[in-house]
Each structure stands twice: as structure tokens, then as C-alpha cells.
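A closer look at the structure
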Amino acid sequence: MIAADQSLARSNGRGVSASISLKNVEKVYGGPSGDLHAIAPLSIELPAGEAVSIVGPSGCGKSTLMRLIAGLDAPTRGEIRVGHQVVAKPVPDIGIVFQRDLLLDWRKVLGNVLLPAEIKGLSGLEGRARELLQEFDVGAFTDSYPWQLSGGMRQRVAIARALLTRPALLFLDEPFSALDALTRDQMNVLLQRVQTSEGVTTLLITHSITEAIFCADRVLVMSGRPGAIMDDIRVPFERPRRLAIRETAEFTSIGRRIREHFEKVGVLVG
Amino acid sequence: MIRRFPASLMRLRAALSALGLITGLAAVAPAAAQAPTPVKVLLDWAWLPYHAPFLIAQDKGYYKEAGLDVTLEQGRGSATTALLLSQGGFDIAHLNVTNAAQMIGKGGAITAVGLYQHKTAAAFIGIKGKAKLDGPQSLRKLKIGSTPGGSDALSLRIFTAANGMKVSDLNVVALDANAKTTALFGGTIDVVSGDSPAFDAYVRATGQEPVDLHLADAGVPLLGFGFAVNNAYLAKNPEVVRKFLAATRRGFIEAARDLRAACELIQAKVHLAGTLERCIDYNQGLLALSTPPGDPGWGHQSTEEWTKLISTLKSAGELPGDDKPVTTFFTNDYVPK
Amino acid sequence: MSVGTTQPIAEVERAASAKTPASASGAGNLAAGMLWPLLSGAIGLALWEGLVRLFKVPVFILPAPSQVIVTIVEQWWYLLSQLAITTFAAGLGLVMAVVFGLAAGAAITASRLVDRMLTPWLVIAHAVPKVVIAPLFLVWFGFGLQSEMFFVVAFTFFPVIVNTVTGLKSADPEQILMVRAMGATPTQVLRKIQFPSALPSICAGIKLAVTLAPVGAVIGEFVASNKGLGHLLIRAVGDMDTPLAFAAVTVFSIFGVLLWRLAEWGERRVLPWHPSQREAFLRGAGT
């Protein structure tokens, strides 16, 4: 496991992030009407510092996969390693951003960002918290309550919270699905910039093909029942990225490739 | 023979006399010099005019002279007082002896040690001109206010049995104790079933005249106020009980001698409501049913009245438990002779 | 390093409106809010006074407001000293009930077994008419503070427990999952998520308890204490000193209103973030 003090030993914002390795990982849920294969045997290697998107339809197992890697659930078969250590219990050094921001109503924004430090018993991170909020353009609301912020701002706070303790992994489970399209685009730009500056291994789960490509170095295309990786696409664009790249031919060709996968398996009909 | 003593011898004599006086006083003083014995006394109810004697005994130092440090606690009805006394929460109680008898019948370890009100105060009280009370049978035509579960419910039952009636023959309106007075003045009832000293005083305080039918004169041999002691306490402190009764009697005597001063004292000390006149009236009503405090036999209980009480209660089904000898209920060993 | 592009206008507007106070005339509203109730009260009192004088109602049946006020003024020390005793008992009992209620509520939430074994007793204890058990308390505990205190607890524990359980159970399961993923221990989950989530409900329960506590103390005093406002009341009624009884009831009612206000003030301090307090928050502090 990546020690907390190790992850804090970063002077320039970049530091120790972890690699992810899955070998023949399978997840089967036993049920009254027979077994449900959520994830078929799956193997993949994700190097440290890489930004990876998983795109797939609802129920394809992408959230399950994230939970398995995070140690919140155990695989039926196979082995998962984070930073070369086998995952047998919840991995402590992960920042997670959920679809709901899950900010605590009773704490001000700063208090929310500092929550992971309190839980883990780490001190001295208040400066970093303020910096992150400033960086995400919500610094003016540091002493406000969450209800005073809009949805997009709240998710920024949630991302700041996830990054507070300089985790080795950053997981985002459909973090922008609840936001309006324009805000969502804004958040995409924010996310890829953050990932670049923090250099943390990032796993983004999304429904949106465009988002998957824009925010990642590598896109894993998943289909469901059982969950399997249909394609593993490298995204060649340089950072920092601008929204305009979405209209380039290279971008749209990747998008087409993904879309064709979904059409083939019947997820999209069009 | 005239002796002439030298001056020095005179001085020695004076010194010896003084010494003798001091020694003599010292011999007498121990009782007063020792710490007074604490005694916890429970009254029958919250402060009412007839509790004045106790306050006088405290105020004038009768208890102190007897070597007692008496704490008076207000009660919540003689039945509850009898129960609390039997549990040992208090040492001595001032209460309605009929309730004490019932407690003893139930097995409560208390004994009646004195009785000064030999006639029950239970009565029917109405307002002159508004109710006609001539004899027990006239009750049939009147609306009677009574407190279910209260002491007057018991006296009502015994009254009807003693006069060849059934309670169902009477028009009884169930009222909370506090509501009875208002109901009487408001005219919703014709007579109140309750204690005559209290209601007579209330009626007269409004400038009207009461009419009474005393149950003691109508075949109801229930007893009134007296004193009871917790048996365990009595066994350990017989002298204290004696002294308490003697000192309390002094309070009763003093109160009877000057009711006005007594009422002034109690009103000032415990925030008693009502006028001075009402307080005096109330006390006079109770005195009329009691042995005069100055009487040598004050507090003395007769086997005859106790036997009558016990058999009346038994036949009314109000005395539970096995038959106990009448001597378990009372004793005269501690009253002032 | 800023994002570069401007924030969507909708976001900015929403954020701005959340920070500026709602249009309220502040002091003007307060005056209007008090004017009509005061006027209504004055009319009611005048009617009462008039009726009593007109029909020459005896003072021991229904005293006139003027008589009650005179009594309050004349006996203010007696009334206040007895009120203090009642308040003390109510306060002590309330503290006990809150401590017990929070602990029992937490235990019931944490364990199904505790829930199944304890809840029936609590429901029975709550359902028994308190006036019936008051004489029993007298016999068990004697006259005085201890009886009163237990009586207050009997009156107030149930709303505290019920609201604690409801509040704790209303904690967002996803928030709990989130902090568990951060590595939170069960104690941390309780302290940092469940308890703060439960606070609005707990506050509601305590507000109820605060208003019930003096009532419990007074009823306890009717039967089991020789001090306090309840004792004063029972003696006044028994002695037919109706003006004093009314005076006591008036003082008690005013006290009850003040207590309620105090409880609301406390709630505002504890829950500035709650939707119920947001308007006041904006009007008052602003960030």
C-alpha cells in the first residue's frame, strides 16, 4: 500500500502514483435464478500516472470494476494489484468522485475538502485545500455552505476533496452526468488539466464517448453481461487540451471506432 | 445565736454557692446542651389552617425545649401519608386515624398513638336558603358533590348503609376535590360531601351561611385527626414520641388560646391563602369536633371507639386483611398524661 | 491558474443569488409580525375584563385580568421563586432525558437486538398516563426533586429517542460508503456522518422535550413535591385562591413561550446550514 507520508512527499505537485494490474479478474453474483456474470475474466495493465477512461452502457460492469480495483468489493476469481500490492481490502490511498458530489451540508466548503485529512488523521493540509479550491475557481466560496454553490461548483469541490491527500489513484464514477452540457464541457477541461498537473493515475467512468476520449490517454471500451473490454484505444492528443480538438478528424475517428463497437453489440442502434 | 463570720469566709461561701449553682445547672443542662434529636413529621395535606399548632410549637421553641429538631413535610392525603409512614420515609405523622386504621389492616407497620378529633368531620354542607337539610333522608332529593376514591366516598358509603339507603338512591355527582367548592357556589350541586370545618369556612367567607348534616351524628362512627408512628421508629425512640406529643399538645393549647395570633403566624410563615377570618373560622370548626387541648385526656383513645371503627370498616369492606386484635391498632402509652 | 473560459452565466447567477440576502424589510417585518398578535391579545383581554365586571363574576370563579395582574405584581417574588424551583427540576430532568435519549437512540440504531428488546419497554413507558404513575413515584422516591426529575424524564424521553433514531437512520448511505472508502472507523462514521445528519431531527426532538419538561415538572409537583409552581398551583386551587392560580398559570405560560424561543435560538446556532434556517442565515450573517 502506498503510505500516506509517501504520497505527501511531493514538492512540485507530481509524485508517487500507483500502477493498476488486473489478471483474470472475474466477478460472479450468485442469485436465485442462477449466476450473474458481472465481469468476465479480464486482464489489463495500467501504468502509473496514466489517465484511463472506461466507456460503456449502463450495467456493463464498469462501476463494479472500479469497486473491485478500489477494494470495496472482492473478485470471485483473479488477482488485482495496486502499486504491486494485492488488493485484499479497501485501498486507502484513493480519491473517489461520485456522480453525486456527496458534500456534507453541515460543513462549509473548506471543511468538506478537509474531510479525508480528518478521517486519515493527517494534519497540515489546510494550505493545500485552499490552493486546490483557488485552482478550481471556487476559492471565493471557501467559507460558504454547499447549498450556496451550483452543481458544477459542488463537483469541483468534490474533486478537490478527492485530491487533497495526494492519493495514488483518482477514480471518478460518472462524475459529470448530473450536470448540464455546458458545465460538463467545462468540467472536462478542468479534469484533464488537473490530471496533468497532479500526475495521478486516473480512472474515469463515463457514458459519454466524447468525454471518454477528451479526458484520457487511453480509452477502454466495455460491453456488458458479462462485462468485457472490447477495445483498448490510445488517445494521442497532447496536453493541455482544448475543447476544439473534439472537432478534429482524429478525434471523430476515435469516436466513430467506439460507436461502431456499440452498434455491433446492439447498444446503439443508429 | 448570731454568728459573725469573717469577711474571707463570707467570700468563700459566696464562691462555693456560685460553684454549686453552676454545677447544679450543668447537671440540668445536658438535655439542652446535647444536639437536638431530628424528627421527620409528615402532615396529612398541604398547609391548612389547622396545622397552626405545629408551627407554633416550632416558633415558640416547644420542640426545642423537648430536645427535638422537628421537620414538617406537607402531605398529599391521609391515605398516602399512612403509606409513606409505614415505609419508614417519615417517623411520625399527623393524619386522619381512619386512614391509619386501613393501612394497619393492610399490614402497614404503624400504630396510632394519639387521637384528638373523636368525631369525623365528614358532613354534607349546603348554603342556607339554597338547600334544605333536615335528617338523613332529605339527602335523597339533593344533588351531592363527592370525590370518587376520596375519603368522603368512604363516609358516604357508610352513611347510606347506616341509614337504610343505598348509594344508588342518592344523586351523586363525581367531582374532583378542588372542583367541589366551585360547584357548590356555582349552583351545579346542592350540597357538598366533605369536611365541615373547611366548607363552612369557605361558605361564610362569601358572606353566606352554611347548613350542615354531620355524619358523626348520623350513624357514622369514623374517627378524625390524630397521630401515628412508624413501628420500627417507635421501638427505637419511645421517649422521642412522648416528648413530641407533649410538645405538640402545648402548640395546640397555645393555638386554641389565641386563634388570631395562631392564624397570623401560619399565614406569615407558609403563605396560606384566604383571610384571617376564614382561617380562624376553619380552626373553630375543627375544635368543635375535638377534645379541648387543655383536657387531661387529650389524645387518649378508647377501646370502645376503636372497636366500633374497626367493625364499621370491616362491614363496609374497607378493612382488608385478617382480623387483628384491636390493640395492634392503637396505644395510649405515649400521650401526655 | 484559472480555467481560462468564463463560467456559464447560469452558474454565476445562481451562485450570486445564493449569497445576497432575500428582499426582507427586516425590522419592519418584525414590527408587523408582533403588531397583530398583540392587538388580538389586547382585544381578548379587554373582553374578558368587561364580561367579568358586567356579570359581577365572583373572583374565585373567574378573576378579571386586572386582578390577575395585580396578583402577579403583588406576589412576584413568591411566583418567581417557585418558578425557579420548577425550572431547575425541569432543566435537570431534561438534561437526563437528552443524555439517555441520545444514548438509547444510538444503541437502537446500531443494533437490531437492542431495538427489539428495548423499544417495547419505551413504548409502554410512554403510553402509560403519567398522572397515574405520579403517585407511585411519590411512594417510591418520596417528596422532592428526585420524583420530579424522573417525572420530567418520563415526559420527555420519548420524543428525544424517536427523533434520534429517525435522524440517525436518515444518514445518507452513499456518504457513509464514501467515508468508509476513505478508511473511516465506525466511530468516525457515527461522529462525522450519522450524528451531524441526525442533528436536525434531534433538534426537533429536543425542542419538543424543552416544551414538555416544565409541564412534566409541574404535574410531578402536583403530587410529589412540596415546592415549585405545581405545588403553588394545587394549593391555590384548593384554597380557592383563583387569582393566584391564574397568576401562576400566566407566569408559567410566559415562561413556556420564552423557553420555546430559546430552543429556536439554539437550533439556529446549531443548524445554520439547514434549509429551515437558510433564510435567517442570509438575512443575518451573510458570508
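All residue numbers refer to position in the chain's written sequence, counted from 1. Key to labels: chains lettered from A, ligands numbered from 1, both in the order written. Totals for whole chains, interfaces and linings use every residue, but because this is a predicted model, local features are given only for residues with pLDDT of at least 70 and side-chain atom pairs only at 80 or more, for both listing and counting.

**Thoughts on the overall build of chain A**
For clarity, the threshold we go by: Counting from the N terminus, the helices are the DSSP runs of H or I reaching at least four residues and the strands are the DSSP runs of E reaching at least two. For the radius of gyration, the atom set is restricted to C-alpha positions; the globular benchmark scales as 2.2 Å times the number of residues to the power 0.38. A residue is called partly exposed when the number of other C-beta atoms within 10 Å of its own lies between 12 and 20, exposed at 12 or fewer, and buried at 20 or more, with C-beta atoms placed from the backbone. Two residues qualify as a contact pair if the distance between their C-beta atoms, derived from the backbone, is within 7 Å.
Counting its regular elements, chain A contains nine helices and 10 strands. Expected size for 270 residues packed as a compact globule is a radius of gyration near 18 Å; at 18 Å, chain A falls within 12% of this value. C-alpha atoms of chain A, sized along the principal axes, occupy 50 × 45 × 35 Å. Counting only residues that meet the buried cut, chain A has 47% of its 270 residues in that class. Counting only contacts in chain A whose residues sit at least 6 apart along the sequence, the fraction spanning at least 24 positions is 71%.

**Some details on the interface of chain C and chain B**
The test is simple: When residues are sorted by character, Ala, Val, Leu, Ile, Met, Phe, Trp, Tyr, Cys and Pro go into the nonpolar class, Asp, Glu, Lys and Arg into the charged class, and all the rest, Gly among them, into the polar class.
Listed per partner, the contact involves 19 residues of chain C and 17 residues of chain B. A total of five residues in the side of chain C that touches chain B trace back to one element, the largest contributor, which is helix H10 (residues 229-238) of chain C. In terms of residue class, the side of chain C that touches chain B is made up of 13 nonpolar, three polar and three charged.

**Things to note about the nonpolar core**
Worth spelling out the cut-off: Buried Ala, Val, Leu, Ile, Met, Phe, Trp, Tyr and Cys residues form a nonpolar core when they are connected through C-beta atoms within 7 Å. Domains are outlined according to an automatic or database domain assignment.
Of all hydrophobic cores here, the largest spans 143 residues; its most connected members are Ala160 of chain A together with Val152 and Ala248 of chain C. Residue assignment places this core across two domains, with domain 1 (16-93 + 169-270) and domain 2 (105-166) of chain A each supplying three or more. When sequence neighbours within four positions are dropped, the list of residues in contact with alanine 160 of chain A reads Val113, Ala129, Leu132, Leu133 and Phe136 of chain A. Of all hydrophobic cores here, the second largest spans 96 residues; its members include Leu83, Val172, Ala198 and Ala216 of chain B.

**Brief notes about the domain arrangement of chain A**
All names here are of chain A. When the domains of chain A are assigned, the result is domain 1 (16-93 + 169-270) and domain 2 (105-166). The distance between the C-alpha centroids of domain 1 and domain 2 comes to 25 Å. Looking at the side of domain 1 that touches domain 2 element by element, the count peaks at six residues for helix H7 (residues 181-198). Residues that form the side of domain 1 that touches domain 2 fall into these classes: eight nonpolar, two polar and one charged.

**Things to note about the confidence of the model for chain A**
Residue and element names in this part refer to chain A. Heads up, the rule is: Within a predicted model, pLDDT stands for the predictor's per-residue confidence, ranging from 0 to 100.
Of the residues in chain A, 94% have a pLDDT of 70 or more, and the chain-wide mean is 88. Across chain A, the secondary-structure element scoring lowest on mean pLDDT is helix H1 (residues 4-8), at 41, and the one scoring highest is helix H3 (residues 109-113), at 97. In this model residues 1-14 is a low-confidence stretch, pLDDT under 50, and it forms 28 contacts with partners more than four residues away in sequence or in other chains.

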